[in-house]
Amino acid sequence: MGKGPLSGGNACQRHNERATMADCSTALMTDMYEYTMLDAALRDGTARRKCVFEVFTRHLPEGRRYGVVAGTGRILDALERFHLGDEELRFLADRGIVGRETIDWLEHFQFSGSITGYREGEMFFPNSPILQVEGTFGECTLLETLVLSILNYDSAVASAASRMVTSAKNRPCMDMGGRRANESAAVAASRAAVIGGFQGTANLLAAQRYGLKAIGTAAHCFTLVHDSERDAFQAQIDALGKNTTLLVDTYNIEEAVKTAVEVAGPELGGVRIDSGDLASLAQRVRNQLDALGAKNTKITVTNDLDEYALASLQSAPVDSYGVGTMLVTGSGAPTCAMVYKLAERENSAGVMQPVAKKSKDKASVPGRKLAYRSYEYSLADCEHVISGSESGLADYQVPSDWKDLLVDYVDHGSIDAQYQGHDAIMTAQAYRAQALAELPITAQSLMKGDPAIPTEVTVL
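The structure displayed is predicted, hence computed values, not measured ones.

Caption draft 1: Highlighting the overall build of the protein chain. Counting its regular elements, the protein chain contains 17 helices and 19 strands. Principal axes of the C-alpha set define a box for the protein chain whose edges measure 80 × 60 × 35 Å. Here the analysis covers contacts within the protein chain between residues at least 6 apart in sequence; of these, 74% occur between residues at least 24 apart. Side chains of the protein chain give 44 positive and 58 negative charges; the mean places of these two sets differ by 2 Å.

Caption draft 2: Structural detail: the sheet that holds strand β13 (residues 352-354). Ordered by their spatial adjacency, 7 strands build an open sheet running β13-β12-β1-β5-β3-β17-β18, and the pairing between neighbours is antiparallel. This sheet does not close on itself; its edge strands, each paired only once, are β13 and β18 (414-415). Here 2 bridges tie strand β17 (residues 406-411) to β18, and the two strands are oriented antiparallel to one another. Within β18, the position partnered with Val410 by the bridge is Ile415. Packing of helix α3 (residues 72-80) onto the sheet brings it into contact with β3 (114-118), β5 (131-136), β17 and β18, and relative to β17 it is tilted by some 10°. Against the sheet, helix α7 (residues 144-168) contacts β1 (50-57), β5 and β12 (338-346), and its axis sits at roughly 140° relative to β12.

Caption draft 3: Quick look at the sheet that holds strand β9 (residues 270-273). An order of β7-β6-β11-β10-β9-β8 is seen for the 6 strands of this open sheet, with the pairing classed as parallel. Here the strands that pair on one side only, and so sit at the sheet edges, are β7 (200-201) and β8 (245-247). Alignment of strand β10 (residues 298-301) against strand β11 (residues 320-323), held across 2 bridges, turns out to be parallel. If you follow Val301 over to β11, its bridge partner there is Tyr321.

Caption draft 4: The arrangement of unusual backbone geometry in detail. A positive phi angle is found at Asn127, which is not glycine, with a value near 75°. When you line up the elements, Asn127 lands in the loop between β4 (123-124) and β5. The class for Asn127 is partly exposed, based on a relative accessible area of 27%. Of note in this structure, Asn170 is not a glycine but carries a positive phi near 75°. Here Asn170 lies in the loop between α7 and β6 (173-175).

Caption draft 5: How the structure looks around the side chain of Arg272. Structurally, Arg272 can be placed in strand β9. A polar contact of 3.3 Å, which involves the side chain of Arg272, links it to the backbone oxygen of Ala218. Polar side-chain contacts of Arg272 include one of 3.0 Å to the side chain of Thr302. Apart from residues lying up to four places away in sequence, Arg272 is in contact with Ala218, Ala219, Thr245, Leu246, Leu247, Val248, Asp249, Thr300 and Thr302.

Caption draft 6: Structural context of the pattern of salt bridges. Counted according to the given criterion, the structure contains 17 salt bridges. Across the salt bridge formed by Arg43 and Asp39, the nearest N and O atoms sit 3.0 Å from each other. With a gap of 4 residues between them, Arg43 and Asp39 both fall in helix α2 (residues 32-44), about one helical turn apart. Judged by relative accessible area, which is 59%, Arg43 ranks as exposed. Under the relative-accessibility criterion, Asp39 is labelled buried at 10%. Note that Arg368 is salt-bridged to Glu344, the shortest N-O span being 2.7 Å. On the criterion of sequence distance, the pair formed by Arg368 in strand β14 (residues 368-376) and Glu344 in strand β12 is long-range, its members being 24 residues apart.

Caption draft 7: Fine view of helix α17 (residues 421-437). Compared with an ideal rise of 1.5 Å per residue, which puts 17 residues at 24 Å, α17 spans 25 Å between its outermost C-alpha atoms and is within 8% of the ideal. Among the residues making up α17, those that are buried are Ala424, Ile425, Ala428, Gln429, Tyr431, Arg432, Ala435 and Leu436. Along its buried surface, α17 packs onto β2 (67-68), β4, α7, α8 (183-195), α9 (204-210) and β16 (403-404).

Caption draft 8: A look at the nonpolar core. In this structure, Phe198, Ile273, Val301, Tyr321 and Leu439 are the most contacted members of the largest nonpolar core, which totals 67 residues. Excluding residues within four positions of it along the chain, Leu439 makes contact with Tyr66, Met123, Phe125, Leu379, Ala380, Ala452 and Ile453. Core analysis: the second largest hydrophobic core is formed by 51 residues, Val55, Phe82, Val133 and Ile150 among them.

Caption draft 9: Quick look at the side chain of Glu438. By the secondary structure assignment, Glu438 is in the loop between α17 and β19 (455-459). Assessed through its relative accessible area of 19%, Glu438 is described here as buried. Ignoring sequence-local partners within four residues, the contact set of Glu438 consists of Tyr375, Ser378, Leu379, Ala380 and Lys403.

Reading guide: rules and limits
Residues numbered from 1 in each chain as written. Predicted model: local features only at pLDDT ≥ 70, side-chain atom pairs only at ≥ 80, totals over all residues. Heavy atoms only, no water. Helix = DSSP H or I, 4+ residues; strand = E, 2+ residues; numbered from the N terminus. Contact = heavy atoms within 4.5 Å. Lys, Arg positive; Asp, Glu negative; His and termini not counted. Charge placed at Lys NZ, Arg CZ, Asp CG, Glu CD. Pairing = 2+ DSSP bridges. Axes fitted to C-alpha atoms, helices over the stretch in contact; angles between N-to-C directions. Buried < 20%, exposed > 50% of the residue type's maximum accessible area, 1.4 Å probe, protein only. Polar contact = N/O pair within 3.5 Å; in protein donor to acceptor, adjacent residues only side chain to side chain. Salt bridge = Lys/Arg side-chain N within 4 Å of Asp/Glu carboxyl O. Expected span 1.5 Å × (residues − 1). Core = buried A, V, L, I, M, F, W, Y, C linked by side-chain atoms within 4.5 Å.

Written as structure tokens, this is what we have:
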């Protein structure tokens, strides 16, 4: 088998088996039925029909007021690597998943369609058209699982992170969840957490790949391996300087804080508490540090924090938080239940036709979508989704004061690079803060309730 223009063989086998996941083809990060549908559609000719697929969620996680879009930049990265080399093609052929005609088609596959959607960092609600993929049926259907796996997870983490940052009341939150997730998910979670408002990550691969702030000093084992806590603190300060953060709850917190200040002096950068009644301990440690002259020493707390725990610590003298398990699991909502549905397709006469499911409790809205948000007194009051044919949407009169929520990510196969990389992540982080501030204050409540604003769907 030859190589298509983007294949270059199997990227994961190159460089003496040392390639990272960032180098690997994404073409098999999918479900088998996407390839079997392609195979059947190529046989009967429908694979070449123009189509519009839409990503949306029918509901937010129970009681949540909003969701935060994250992962679109990763989709663009993955799209650049969605090609099949010899090994992938041979696997599909040897397993009998697709036939010879499909292998020939895939050998030269390159996505040539267009993608529009909500910005990363944007708020979303039920029926928001978060992403729309337009192209032939063959090329669009292959992207379903890849798109959903990225958007569902990343948006879940970003949504949880946003709630945590709100509860932290401007105190920095840091991602420490890498050991509580799959190794690839951990990297994705770090990126999504920063979009959600976190300030840094303990995951070095995420920090390297996306240019994020890396944080971390020492664990309890570092104290335990030394003959005394004083020896451990001295070794850490010798290596990292007085501005480091010392972990003070291995044995006795009061004795550890005293020792830490004796070793580092009042210039000690920070202390971390990882167990116990965090609010009470933070208060006692703050008073002790002040009494010892270390008035500028910061206090960081960790230990299975979520947005509710952070809210309970608002009155405690804590300077920053490290969040792990609850961040990378979406704080109880590890998916956003997003789906990828065909909304419009070319019929046998060559005319674009809106289509929709009518299944009980799973009905979809036919047609491609426009999306806007209206405001009153500078606060969002409604999400407006307009559905219809391309010509019908072109003629729709949009009120001048509505905000257009859709941007163009891919135009006929050409990816807009402004939505990839470090700068895109930081832009999304700032955008999230702005978008949340534009919602009614009830959006920031941790009490269960309805979405912060309603979604009004208009079918033309």
